[in-house]
Each structure stands twice: as C-alpha cells, then as structure tokens.
Amino acid sequence: MKITLEHLTKTFPGRGRKAQEVETAVSDFTFEIPDGKLIGLLGPSGCGKSTTLNMICGLLKPTGGRIRFGETDVTDLPPERRGVGMVFQNYALYPHLTVRQNILFPLQNLKGKDKLSKGEMAHRADEAARLVQIEELMDRKPAELSGGQQQRVAIARALVKMPHVLLLDEPLSNLDARLRLQTREEIRKIQRATGITTIFVTHDQEEAMSISDLIVVMKKGVVQQIGAPQYVYDNPVNLFVARFLGTPPINVFAGAIRGGVLCLGDDRVLPVGNLPDQEVWAAIRPEGFVLDEHGPLRCRLSGIEVMGRDISVVSTHESFTGTAIRSIINADSQVDPASALVRFSVKPQKLLLFNKETEERIPVRG
Ligand code: ATP
C-alpha cells in the first residue's frame, strides 16, 4: 500500500527556559512512499525519525498535514484501525508467555468482524513464524531465546495481523554486530517475501543504505534528501548529507577554485570546468584518493591502518577541516610507513564541491 505524507508537521511545547517557544520535531514532510518498498528513515539523534513514525502509526497526532494509506485519509484514525504492524527497539515480548502465545496475542484481541476462529489464528501464527524462521522455538519462553530470536518473534507478532504497513523503529540496536548484519538481511528478505510497505528507522547510515530501496535523510525535523541509497551517496544535495553517509566519512577540505582548478592550499588538485573563482568546501570520499608519486595532492603521512582487503592511509593537510584524512587504498598498493609525505591524485567522480556559505552542492561539469 502506498503511503502519502502531505506537509506533515509536529511541534511540541517548549520546556523550562524555552517554555514560550515551540519545538518543531518534524517540519513540512511531504513524500509519497511507493507501494511495497522498504524506506530507511535516517538521521542523527533528535532529527525527528521516531516522531514521524509515531505519527504514521497513530501514536502521535500531527500538528499539521495529512497522512494517507492508499486513498484513505488515516490522519484521525486510532492506531488499531490503521492496519500497521510495529516493531520497536525494546521488543517488549511478554515474558510469561511462550513464543506461540506472544505471536497469537494481537489476534486474540480482535473484535467484531475482525474476530478470527481458533484454527485461523493458529494458521496465521504458524505462517508468521515460518516467515521469520522460528517454527522450532514456538514453545519456548522469551528468556530462553537469543536477542536475534527475540527480535524475530517481535517481527512475527507484527506480521501476524497481516498489516498494510510495517514500521520498524531501530529494531536492531539491541543486537551485537554480527547478529545485526544477519537480522537486517532477514528483515529485507521478509519484506521482499511479503511485499509490505515498510519504514525502517535507524541512525546507522550503513544499515539504512544496505537494505533500503529509498532512504530519507533528515536533519532537525527537515527532510534533506530522498533517493536510492547509492544515488544519494554519489549525489548528496548538501554537505550535511555528504558527511552523514559513508564510513569512513567523507574528507572535507577548505578549498578554492582559481582559474577553473580546485586548489587545496598550494596544491592545484583537479580541473573543475568553468566554475568561477570562489572559496568552496571540497569533499573527497575515502575511495576517491589514488596513490600517485607525482600526484598533485601532497599530504603528511600519519600512519597506515590495515583493514584486510584494503588499507586506510591516514594523513593530514593544511586545508583539511578535520583531524585526519582517511583514504582507502587497495592492500596491494605499497606505502612506505617511514615516509613523511604521501601524494595522491583524486578521482573526479569522488570529489564533491559545496557552496562555502549555504553548504549546498555545486555541480561540476567536465
Ligand atoms: P533518536 O534517534 O534519538 O530516537 P529521533 O530522530 O527519533 O531521535 P525524535 O524522537 O523524533 O528524534 O525527536 C525529535 C525532536 O522532538 C527532539 O528534539 C525531541 O527532543 C523532541 N521531542 C520528541 N518527543 C517529544 C515530546 N513528547 N515532548 C517534547 N519534545 C519531544
């Protein structure tokens, strides 16, 4: 089912010294989420992700704007009438109930025309358990399960009502790194198998990029950019989005364009077409550096970090804005750790320029 958000806004009254002001948690969010897609809602803590999700599921009433599921306006409907399944960070399973009873629980509360027979309920519970592969755990209590298994039970419990929309709020944060990886792939598989339109909230950009059809990057309640993960990574609209996506993060330099060439300090790094002379933020992805003994970018070598397949060359430069430049180089490349200097050339497609004042992207042509 497609979900339409129209000018969705939520303000909260200010507290303490800010009691006279309102705090805008989500501002004018407009977007049509296509049917059957997995959307990653992404941004730093406090940017309004959970508030958006809670308005979509009906736990919070918007201050302004409308929400539609398909053609139906659900803005004023209570959560139980919206047909949403929800999974939160703390999966909150009932400890005294078995896995089967936990999964059945939402069905036992259905009333009126939605009420199901015992047989139908059992069939639905089995089906949901099969989807998340916990059939053999149905008679255990939550305390007898691993974190990942508990999370799968929580997902089964959300699926059992056959929701039109699945909302996942940081569902993996309680899992260790390996399990996170595995569970996120399972979520992707389940989403594909069911075709349920799913919104996945996370502050972990890698997680969102790896499983989402589309990502929405938010900052302070305002949507910055919506698009396919790779597209947004390659074409961020502003410096905030560029910095937020990617590990290690993008390397940002205070640069200048002089006579059609990007200059970083005294280094004339790359031609950038016919852009007028100006100060810019020049940002280079870690994979955008190429070791080159005659390369134009001359950095002071601080160290080398071995990462298995790749190595990370750590260096500094007078116009760099952070503490250490991290460039990812194939492990076969030779860097002399004793050398004071390391020289790079820069891949043009991995260099992004941003306006010094507005921090918006400056398109570079040829
Ligand atoms: P996190 O990743 O830390 O969960 P988030 O992106 O989900 O953050 P929200 O929880 O949506 O962020 O909060 C957005 C903003 O709204 C924050 O500044 C928060 O302090 C504020 N906020 C959220 N709920 C309330 C509330 N009930 N009353 C007042 N302010 C609130």
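Here is what the cut-offs are and how they apply
Residues numbered from 1 in each chain as written. Predicted model: local features only at pLDDT ≥ 70, side-chain atom pairs only at ≥ 80, totals over all residues. Heavy atoms only, no water. Core = buried A, V, L, I, M, F, W, Y, C linked by side-chain atoms within 4.5 Å. Buried < 20%, exposed > 50% of the residue type's maximum accessible area, 1.4 Å probe, protein only. Helix = DSSP H or I, 4+ residues; strand = E, 2+ residues; numbered from the N terminus. Axes fitted to C-alpha atoms, helices over the stretch in contact; angles between N-to-C directions. Parallel < 35°, antiparallel > 145°, perpendicular 65-115°, else oblique. Left-handed = near helix turned anticlockwise from the far one by under 90°. Contact = heavy atoms within 4.5 Å. Nonpolar A, V, L, I, M, F, W, Y, C, P; charged D, E, K, R; others polar. Pairing = 2+ DSSP bridges.

Enquirer: Help me get a handle on the nonpolar core, residues and values and all.
Expert: Ile103 and Ile134 are the most contacted members of the largest nonpolar core, which totals 33 residues. Elements with a contribution of two residues or more to this core: α2 (99-108), α3 (118-131), α4 (147-159), β7 (165-169) and α5 (177-194). Per-element accounting of this core gives the leading share, six residues, to α4. Counting residues in each nonpolar core, the second largest holds 27 residues, with Val272, Ile284, Leu301 and Val346 among its members.

Enquirer: Go over the packing of α2 against α3, please, and point to the residues and values.
Expert: When two helices pack together, you describe them by how their axes are tilted relative to each other and by the distance separating the axes. In the contact formed by α2 and α3, the axes pass within 10 Å of each other and the chain directions differ by 125 degrees. Taken together, α2 and α3 sit at an angle that is classed as oblique. α3 is crossed by α2, and the crossing has right-handed handedness. Judged by residue contacts, Arg100, Ile103, Leu104, Leu107 and Gln108 of α2 engage Met121, Ala122, Arg124, Ala125, Asp126, Ala128 and Ala129 from α3. Looking at the contact of α2 with α3 residue by residue, the class counts come to eight nonpolar, one polar and three charged.

Enquirer: Requested: an account of the sheet that holds strand β20 (residues 351-355), with residues and values cited.
Expert: Backbone hydrogen bonds hold the strands of a sheet together, and the pairing may be parallel or antiparallel. The antiparallel open sheet is built from six strands, whose spatial order is β13-β12-β11-β14-β20-β21. Here the strands that pair on one side only, and so sit at the sheet edges, are β13 (267-271) and β21 (361-362). The pairing of strand β11 (residues 251-258) with strand β14 (residues 278-284) spans seven bridges and is classified as antiparallel. Bridge pairing links alanine 254 to tryptophan 281 in β14.

Any link to function would need more than the numbers given here.
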